[in-house]
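Structural features, examined
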2 protein chains.
Amino acid sequence: MKKILLIGAGLSSSTLIKYLLDNAEQNQWELIVADQSEELARKKIGSSKFGIAIAFNAYDTALRNELISKSDIVISMLPASMHYLVADDCIKYFKPLVTASYVSDHIKNMDQDLKNKGLLFLNEIGLDPGIDHMSAMKIIDEIREKGGNIEVFESNTGGLVAPEFDNNPWNYKFTWNPRNVVVAGQAGARFLDRGQIKYIPYHQLFRRTEILNVLEYGEFESIPNRDSLQYIEIYGLDAIKTMYRGTFRKPGFASGWHMLVQLGLTDDSFKIKGSDKLSYRDFTNAFMPYGQDRTVEEKVCDYLGFGIGSETMQKLRWLGLFDKKPVAMKNASPAQILQKLLEEKWALQDDDLDMIVMQHQFIYSLNGKRKKNISSMIIKGQNQVHTAMSITVGLPMAIAVKFILNGVINDTGVKIPVEKSIYQPVLAELEQFGIRFIEEEFDLD
Amino acid sequence: MKKILLIGAGLSSSTLIKYLLDNAEQNQWELIVADQSEELARKKIGSSKFGIAIAFNAYDTALRNELISKSDIVISMLPASMHYLVADDCIKYFKPLVTASYVSDHIKNMDQDLKNKGLLFLNEIGLDPGIDHMSAMKIIDEIREKGGNIEVFESNTGGLVAPEFDNNPWNYKFTWNPRNVVVAGQAGARFLDRGQIKYIPYHQLFRRTEILNVLEYGEFESIPNRDSLQYIEIYGLDAIKTMYRGTFRKPGFASGWHMLVQLGLTDDSFKIKGSDKLSYRDFTNAFMPYGQDRTVEEKVCDYLGFGIGSETMQKLRWLGLFDKKPVAMKNASPAQILQKLLEEKWALQDDDLDMIVMQHQFIYSLNGKRKKNISSMIIKGQNQVHTAMSITVGLPMAIAVKFILNGVINDTGVKIPVEKSIYQPVLAELEQFGIRFIEEEFDLD
């Protein structure tokens, strides 16, 4: 029996656990699910006899060492900032490691050591990063093998509520960690646009959007995502003119969110003393100039330059930012107060399903002709456990674990799935689960 | 002979050094001026036989210990983040310490230990903080002693170029550390306005100004300064309705600077790779959306919503933001690139003099009548060595050092000059140097 150690049994681990247990008998696997909550781990394992639930604290060095030393492979679903704990032990005990997180500097520096030892740490193998890398690299490699030159790469991913359940003025519900949504973009964004490097500071990010169409699902709005420039080298696209990665929302979301940023409500850098004594109306008013004879609504409209009857104002009203309801949080940052409100308003309801939308657009030239390739993927959740997010994050990880254990993937060092030896087998099996892209190809000349 | 150790001989130490040397003979002092540059220290001492110049690196523990252990009092003009090195040694060797910096948490935590030992660390005794605290507390104490209730306190300070030398469209030149000006306000601001707490995020700060008049010097623009709320407790004004501290500039400065913030040019959070290959025009364009048929000037005007012939545009043009001149800095942050440009444009010329403007406004009630007290100070520089900034930062420190050494000030613990035992003797002597406030008192009923 090979032992797979999975650390973290949260929402995004559901489908990952299901795959590993479903395939455990055939592959002779034992799955140890270690989580702060042993009960949660047990619940996720259900009646399978191939799973073991263990109560686990990542800072418990003795237990961590014991569990890692006894496994054959480790999957870390911990917050990205905690992976280093697991990575250090994995090097010590010579165990391969799989995560869905961006490669940290700490892990990047382990590359040579891992190569010397013949060991693999595979990162960024979830949805975004993950499926985006693999599906993009498949097309990039195909174009290059035909002799084409890629001029434009634009890639967008969004975790949204499925359109049948999309019934609020923001056309958005939380299908993922709410905190990450509230503080998203605070480092600004940078990308390459027709040969020019573009920098966008946080407070301008949500007005710098563009509209794209995805299959029959209509229009989506793209918000620039962090540092796209680094992918020029990672994807090997040195001669590219446009390199852009973005986040999809439905049109109108960004202009509304821009107003929350302008107000200062997403600020996470300080705590409001006495925040428990404020109403949401007081909270909003605290960011407005004093004005004795103007309502908070009037002040916000004047300050941000929109009408009291505008769609933007309707979005802000719907959130409850002008309500006299108590904030009821002590010593909270503006971002924390806003998050609490959004968690009520943007909660997925019991029967709601989520949806993942991913699209790559390429412009390339081949034999003197310019062509556009649009490659789109839509995945809907099955239910509230196997959400589109859980499926698309968990399956690539689970499949990669299988291929590492059975030797199909035998790379070494610190890797992300941009190499054919990794993405080819993983994408092939993802197709069997319906995770596939629809490619459209157009002539531009 | 009593030994005074002064660490740091920069621009702001000139008047401080002059005072200490001028008074050395009478008081039997010896002044040790320790600076990275022994030459600079020697130059500042000039021909005085009471000064000794020493080459000094603050991280040289052995030398630091030796110098501090042999002195009777230490003045630290190091950057605020380095005071802890000196403070730790001063506790160890039982030496009083004087700085012009805001009290750090590190120093604040030494309070009880200092009180037990009977030792004084006096901080915030320069201009701002310093003269502002002392002059405000003098009026606050006077009003309270008469039985008045203070309702409003608004205080502003600005370091500007004197009006005779004010000849650029920003009505501003650097009279102080340029970097502090470029990154000013990045933590946002908070204050109390007619009973309501107000928070302003950085990207809104420079549009949240108000205009005030100072004596015959005309209008000044006030930009909110950091955290004014903490001074409610420090000044003992628990029942106050408005508590506001701001920075003075000439009207129009803030609206221009707001545009630099909106563009993202003051961002210090990332480095621009290949910044040495950009012109200032490229630099500005990097923050604009791509637009093939629009000039950078047109894009900036559209993006920020002002006309191509507007005063704001004139300010940006004058700075050279659209020039094809090379940036000529490697791997620099936007803020660093902007600072370099501003240092050329906003440099004080050889004959230029600077000016300090400080004003407090109080509204208080006394015997059933509401009154307004406006207390204003204007100080002009004498020359390029004894600038208004050097005079107003250095004299309060120097005078405090004298009174600590001769026992007139005998407080203990971590102090700032809000207590009468400190501000009274210091303000009295400052008056002899022409550093005095003009008080105007008005009835509001």
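Look a little higher up for the structure.
These numbers come from a predicted model, not from an experiment. (Residues numbered from 1 in each chain as written. Chains lettered and ligands numbered in written order. Predicted model: local features only at pLDDT ≥ 70, side-chain atom pairs only at ≥ 80, totals over all residues. Heavy atoms only, no water.)

Time to look at the overall build of chain A. What chain A contains, in helices and strands, is 18 helices and 16 strands. The buried share among the 445 residues of chain A stands at 58%. Intrachain contacts of chain A at a sequence separation of at least 6 include 70% that bridge at least 24 residues. Of the accessible surface of chain A, which amounts to about 18,300 Å², a share of 47% is contributed by carbon and sulfur atoms. If the 51 positive side-chain charges of chain A are averaged to one point and the 57 negative ones to another, these points end up 3 Å apart. (Helix = DSSP H or I, 4+ residues; strand = E, 2+ residues; numbered from the N terminus. Buried < 20%, exposed > 50% of the residue type's maximum accessible area, 1.4 Å probe, protein only. Contact = heavy atoms within 4.5 Å. Areas by Shrake-Rupley, 256 points an atom, 1.4 Å probe, with all protein chains shown as cover. Lys, Arg positive; Asp, Glu negative; His and termini not counted. Charge placed at Lys NZ, Arg CZ, Asp CG, Glu CD.)

Our focus in this paragraph is the packing of aromatic side chains. Per the stated rule, a full pass over the model turns up 42 aromatic pairs over all chains. Ring centres 5.9 Å apart and planes at 10° place the aromatic pair Phe-253 of chain B and Trp-257 of chain B in the stacked group. Of this pair, Phe-253 of chain B and Trp-257 of chain B both sit in helix H12 (residues 253-263), four residues apart, which is roughly one turn of the helix. Ring-pair connections join several aromatic residues into one group, and the members of that group are Trp-170, Tyr-172, Phe-174, Tyr-202, Phe-206, Phe-253, Trp-257 and Trp-346 of chain A. Lying over the aromatic face of Tyr-231 of chain B, Arg-245 of chain B brings its terminal NZ or CZ to 4.3 Å of the ring centre. Lying over the aromatic face of Phe-220 of chain B, Lys-250 of chain B brings its terminal NZ or CZ to 4.3 Å of the ring centre. (Phe/Tyr/Trp six-rings, centres within 6.5 Å; stacked < 30°, edge-to-face > 60°. Lys NZ or Arg CZ within 6 Å of the ring centre and 35° of its normal.)

With that out of the way, let us pick up the relation of the copies chain B and chain A. Take chain B, turn it by 180°, move it 0.0 Å along the axis, and it overlays chain A with an RMSD of 0.1 Å. Taken together, the rotation and translation describe the operation of a two-fold axis. Judged by C-alpha distance, His-203 of chain B is the residue of chain B that lies nearest the rotation axis, at 3.4 Å. (Least-squares fit on C-alpha atoms with pLDDT ≥ 70 in both.)

We now examine the interface of chain B and chain A. Quite often, the size of an interface is put as the accessible area lost when its parts meet. At the junction of the two partners, chain B supplies 27 residues and chain A supplies 27 residues. Both faces combined, the contact of chain B with chain A buries some 2,700 Å², and carbon together with sulfur accounts for 48% of it. Counting the surface chain B buries against chain A, the share from its top three residues, Tyr-199, Tyr-290 and Tyr-303 of chain B, is 27%. At the surface where chain B touches chain A, the tally comes to zero salt bridges. (Buried area = accessible area lost by both parts, 1.4 Å probe. Salt bridge = Lys/Arg side-chain N within 4 Å of Asp/Glu carboxyl O.)

Take the environment of Gly-159 of chain B next. Residues and elements named next belong to chain B. Looking at where Gly-159 falls in the secondary structure, it is placed in strand S7 (residues 149-161). Sequence spacing of Gly-159 and Asp-128 is 31 residues, and the spatial spacing of their C-alpha atoms is 9.9 Å. Here Gly-159 is in contact with Tyr-172, Thr-175, Arg-249, Met-355, Ile-356 and Met-389, once residues within four sequence places are set aside.

Glancing now at the side chain of Thr-99 of chain B. Residues and elements named next belong to chain B. Structurally, Thr-99 can be placed in strand S5 (residues 97-99). Its relative accessible area of 0% is what places Thr-99 among the buried residues. A polar contact is formed between the side chain of Thr-99 and the side chain of Asn-123, at a distance of 3.2 Å. Those residues in contact with Thr-99 that lie beyond four places of it in its chain are Ser-76, His-83, Leu-122, Asn-123, Glu-124, Ile-125 and Met-397. (Polar contact = N/O pair within 3.5 Å; in protein donor to acceptor, adjacent residues only side chain to side chain.)

What follows concerns the sheet that holds strand S15 (residues 413-415) of chain A. All names here are of chain A. Spatial ordering of the open sheet is given by S3-S2-S1-S4-S5-S6-S15, a layout of seven strands whose pairing is parallel. Each having just a single partner strand, strand S3 (51-55) and S15 make up the two edges of the open sheet. Pairs of neighbouring strands in the sheet enclose a mean axial angle of 20°, with direction left out of account. Here strand S1 (residues 2-7) runs beside strand S2 (residues 29-35); their pairing, made up of six bridges, is parallel. Counterpart to Lys-2 in the pairing with S2 is Trp-29. Contacts from helix H3 (residues 38-45) reach S2 and S3, with the element oriented near 170° to S3. (Pairing = 2+ DSSP bridges. Axes fitted to C-alpha atoms, helices over the stretch in contact; angles between N-to-C directions.)

Here the focus is the sheet that holds S5 of chain B. Residues and elements named next belong to chain B. With respect to topology, seven strands assemble into an open sheet ordered S3-S2-S1-S4-S5-S6-S15, the strand pairing being parallel. Each edge of the sheet is formed by a strand with only one pairing partner; in this case those strands are strand S3 (51-55) and strand S15 (413-415). On average, adjacent strands in this sheet sit at an angle of 20° to one another, irrespective of strand direction.

The subject of this paragraph is the pattern of salt bridges. Residues and elements named next belong to chain A. A full pass over the atoms with the stated rule returns 49 salt bridges over all chains. In this structure, the salt-bridge partner of Arg-370 is Glu-151, at a minimum N-O distance of 2.8 Å. One end of the pair, Arg-370, is in strand S14 (residues 369-380); the other, Glu-151, is in strand S7 (residues 149-161), with 219 residues separating them in the sequence. What makes Arg-370 partly exposed here is its relative accessible area of 31%.

Time to look at unusual backbone geometry. Cis peptide bonds are those with omega within 30 degrees of zero, and the linkage from Asp-128 of chain A to Pro-129 of chain A qualifies with 15°. Tracing the chain through its elements places Pro-129 of chain A in the loop between strand S6 (120-122) and helix H8 (131-145). Positive phi, normally seen in glycine, also occurs at Asn-171 of chain B, with a value near 50°. By the element assignment, Asn-171 of chain B lies in the loop between S7 and helix H9 (178-182). A relative accessible area of 23% means that Asn-171 of chain B is categorised as partly exposed. A positive phi angle, close to 45°, is found at Leu-215 of chain B, a residue other than glycine.

Of all hydrophobic cores here, the largest spans 72 residues; its most connected members are Leu-20 and Tyr-235 of chain A. Not counting residues up to four positions away in its chain, the partners in contact with Tyr-235 of chain A are Asp-132, His-133, Ala-136, Met-137, Ile-140, Arg-144, Phe-153, Met-243 and Val-418 of chain A. (Core = buried A, V, L, I, M, F, W, Y, C linked by side-chain atoms within 4.5 Å.)

What follows deals with the packing of H8 of chain A against helix H18 (residues 420-432) of chain A. Residue and element names in this part refer to chain A. It is at 10 Å that the axes of H8 and H18 come closest, and there the two elements cross at 115°. It follows from the interaxial angle that H8 and H18 lie roughly perpendicular. You can see that H8 and H18 cross each other, and the crossing is left-handed. For the pair H8 and H18, the contacting residues are Ile-131, Met-134, Ser-135, Met-137, Lys-138, Asp-141 and Glu-145 in the first and Lys-420, Tyr-423, Val-426, Leu-427 and Leu-430 in the second. Residue composition of the contact of H8 with H18, grouped by class: seven nonpolar, one polar and four charged. (Parallel < 35°, antiparallel > 145°, perpendicular 65-115°, else oblique. Left-handed = near helix turned anticlockwise from the far one by under 90°. Nonpolar A, V, L, I, M, F, W, Y, C, P; charged D, E, K, R; others polar.)

The residue Asn-180 of chain A is located in helix H9 (residues 178-182) in this model. Taking C-alpha positions, Asn-180 of chain A is 9.9 Å from Gln-339 of chain A, a pair spaced 159 residues apart along the chain.

As a further point, take helix H1 (residues 14-22) of chain B. Across the nine residues of H1 of chain B, seven count as buried, placing the element largely inside the fold. Residues of H1 of chain B that are buried include every one of Ser-14, Thr-15, Leu-16, Ile-17, Tyr-19, Leu-20 and Leu-21 of chain B, and no others.

With that out of the way, let us pick up the packing of helix H4 (residues 61-69) of chain A against helix H5 (residues 83-92) of chain A. Two numbers describe a pair of packed helices, the interaxial angle and the distance between the axes. All names here are of chain A. Taken N-terminus to C-terminus, the directions of H4 and H5 make an angle of 50°; their axes are 10 Å apart at the nearest point. In terms of their interaxial angle, H4 and H5 are classed as oblique. Of the two possible hands of crossing, H4 and H5 adopt the one that is right-handed. Facing H4, whose interface residues are Arg-64, Asn-65 and Ile-68, H5 presents Leu-85, Val-86, Asp-89, Cys-90 and Lys-92.

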